[in-house]
Structures are given as C-alpha cells and as structure tokens.
Amino acid sequence: MRVFDNTTKKIFLASWVSINQTEAKAANVTQQPRQSTIRNIIQPLRQWLDNIQIRDRQLAHRLCKLIPAQCPFERDVKLLGKTLFHIPPMCKLNPLYEELVGLRFRALCYLADECGEDVTQYC
C-alpha cells in the first residue's frame, strides 16, 4: 500500500532515526525550497555538535554550566496571586536543541564515568 510506505518514510520515531537524504528528497517532492535551505545550513552544525568529543574536565564543566538542564523560558505570569497566562518552553523550537542536550549529557557522563565526580550539582 503506497500510503503506508509514504507515511512510514516521513515518521521519525526518535531523533536518532533518520533516512537517507536521497530517500527524503524522493518522499518530500513537495517540500518548500526555504525549508530545504534551512536544513542544509543547520545540518553541518548538527554534525559538528554531535562529533564533539569530551576529553577535558574543564570543558565538560563549562558545557554543564552553559547548557541549562531545563528550559529557562518557561514561565507563569502572575498578577496579584492569579496566573494570567503560561509561557510554554520554547527550547523545542531551537533546531539544535537535541544536539545541545546530547552534548551536555556526554559532558555529564564524562565527568561521572571518567573523572569520578559527583554531577548532582548540575541536575
């Protein structure tokens, strides 16, 4: 069934599952040129962030301090004790969000596993 084949190629079950760019282009014939250009610009940054290897204790500490554990933009706006509205976390809108979280996780793992440090201060 062609609907099933087309749908399964477009669904990404997790951020680590992907399809080849040639398959993606074949499946997304109607893709807008602007989205393709943005993806082409961001893809090298994603690969660069994924390929950073943590081998220095100071770098790992800096990364854990710079990359927040939770989204800093989520807020409840209150007036006189009543919640007026809620600002949702906008970190998921960042196209490099998954890569930055992965980099922070690798830094935490390096500090805990390789250096034997307590990383509860970063949680």
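Going by the structure above, here's the rest.
Worth saying up front: this structure is predicted, and the values here are computed from it rather than measured.

## Points about the overall build of the protein
Then, in step 1: Scanning the protein from terminus to terminus reveals 5 helices and 2 strands.
Then, in step 2: Put simply, the protein runs from its N terminus to its C terminus through helices and strands in the order α-α-α-α-β-β-α.
Then, in step 3: Here the protein, with 123 residues, has 18% of them falling under the buried criterion.
Then, in step 4: For the protein, restricting intrachain contacts to residue pairs at least 6 apart in sequence, the fraction spanning at least 24 positions comes to 53%.
Then, in step 5: Surface accessibility of the protein: about 10200 Å² in total, with carbon and sulfur atoms responsible for 57%.

## Topic: the pattern of salt bridges
Then, in step 1: Overall, the coordinates contain 2 salt bridges when judged by the stated rule.
Then, in step 2: Note that Glu99 is salt-bridged to Arg46, the shortest N-O span being 3.7 Å. Here Glu99 is found in helix H5 (residues 97-114), whereas its partner Arg46 is found in helix H3 (residues 33-51), with 53 residues between them in sequence.
Then, in step 3: Look at Glu99 and you get buried, because its relative accessible area is 11%.
Then, in step 4: Look at Arg46 and you get partly exposed, because its relative accessible area is 28%.
Then, in step 5: Between Arg57 and Glu117 there is a salt bridge, with its nearest N and O atoms 3.0 Å apart. Residue Arg57 is found in helix H4 (residues 57-66), and its partner Glu117 is found in the segment after H5; the two are separated by 60 residues along the sequence.
Then, in step 6: Arg57 sits in the partly exposed class, given a relative accessible area of 42%.

## Here's the deal with the pairing of strand S1 (residues 75-79)
Then, in step 1: Both S1 and strand S2 (residues 82-87) contribute to a ladder of 5 bridges, which runs antiparallel. Bridged to Asp76 within S2 is His86.
Then, in step 2: Linking S1 back to S2 in an antiparallel pair, the connection comprises 2 residues, with Leu80 at a positive phi of about 55 degrees.

## Examining the layout of surface pockets
Then, in step 1: Empty space within the second largest pocket amounts to approximately 250 Å³.
Then, in step 2: Taken together, 15 residues line the second largest pocket, and the ones lying closest to its centre are Ile67, Pro68, Tyr97, Leu100 and Val101.
Then, in step 3: By residue class, the composition of the lining of the second largest pocket is 12 nonpolar, 2 polar and 1 charged.

## A closer look at the nonpolar core
Across soluble globular proteins, nonpolar side chains show a tendency to be buried alongside one another.
Then, in step 1: Residues Ile54 and Leu111 are the most contacted members of the largest nonpolar core, which totals 16 residues.
Then, in step 2: Among the elements of the structure, H3, H4 and H5 are those that each provide at least two residues to this core.
Then, in step 3: The greatest single-element share of this core, amounting to 5 residues, is contributed by H5.
Then, in step 4: With residues near it in sequence (within four places) discarded, Ile54 still touches Leu59, Ala60, Leu63, Leu103, Arg106, Ala107 and Tyr110.

Thresholds, definitions, all that
Starting afresh in each chain, residues are numbered from 1 along the sequence in its written order. The model is predicted, so local features are restricted to residues of pLDDT at least 70 and side-chain atom pairs to those at 80 or more, both for listing and for counting; the totals for chains, interfaces and linings are taken over all residues. Water and hydrogen atoms were dropped before computing side-chain values, which therefore reflect all heavy atoms in the structure. Secondary structure follows DSSP: runs of H or I at least 4 residues long count as helices, runs of E at least 2 residues long count as strands, and numbering of each begins at the N terminus. Each residue is placed in one exposure class: buried if its accessible area under a 1.4 Å probe, protein chains only, is under 20% of its type's maximum, exposed if it is over 50%, and partly exposed if it falls in between. Between two residues, a contact is recorded if the distance between any of their heavy atoms is within 4.5 Å. Every accessible area reported is derived by Shrake-Rupley at a probe size of 1.4 Å, with residue values counting cover from the shown protein chains alone. Here a salt bridge means any side-chain nitrogen of Lys or Arg lying within 4 Å of a carboxyl oxygen belonging to Asp or Glu. A pair of strands is labelled paired if DSSP reports no fewer than 2 bridges between them. Lining residues are defined by having an atom within 4 Å of a point belonging to a cavity or pocket. Those points lie on a 1 Å grid over the protein atoms alone, cavities being sets where a 1.4 Å probe fits but cannot get out and pockets being open sets with protein on both sides within 12 Å along at least five of seven lines. Grid points are joined across faces, edges and corners, and a volume is the space filled by probe spheres set on the points. Polarity classes work like this: nonpolar for Ala, Val, Leu, Ile, Met, Phe, Trp, Tyr, Cys and Pro, charged for Asp, Glu, Lys and Arg, and polar for all others, with Gly in that last group. Definition of nonpolar core: a set of buried residues of the types Ala, Val, Leu, Ile, Met, Phe, Trp, Tyr and Cys, connected through side-chain atoms within 4.5 Å.

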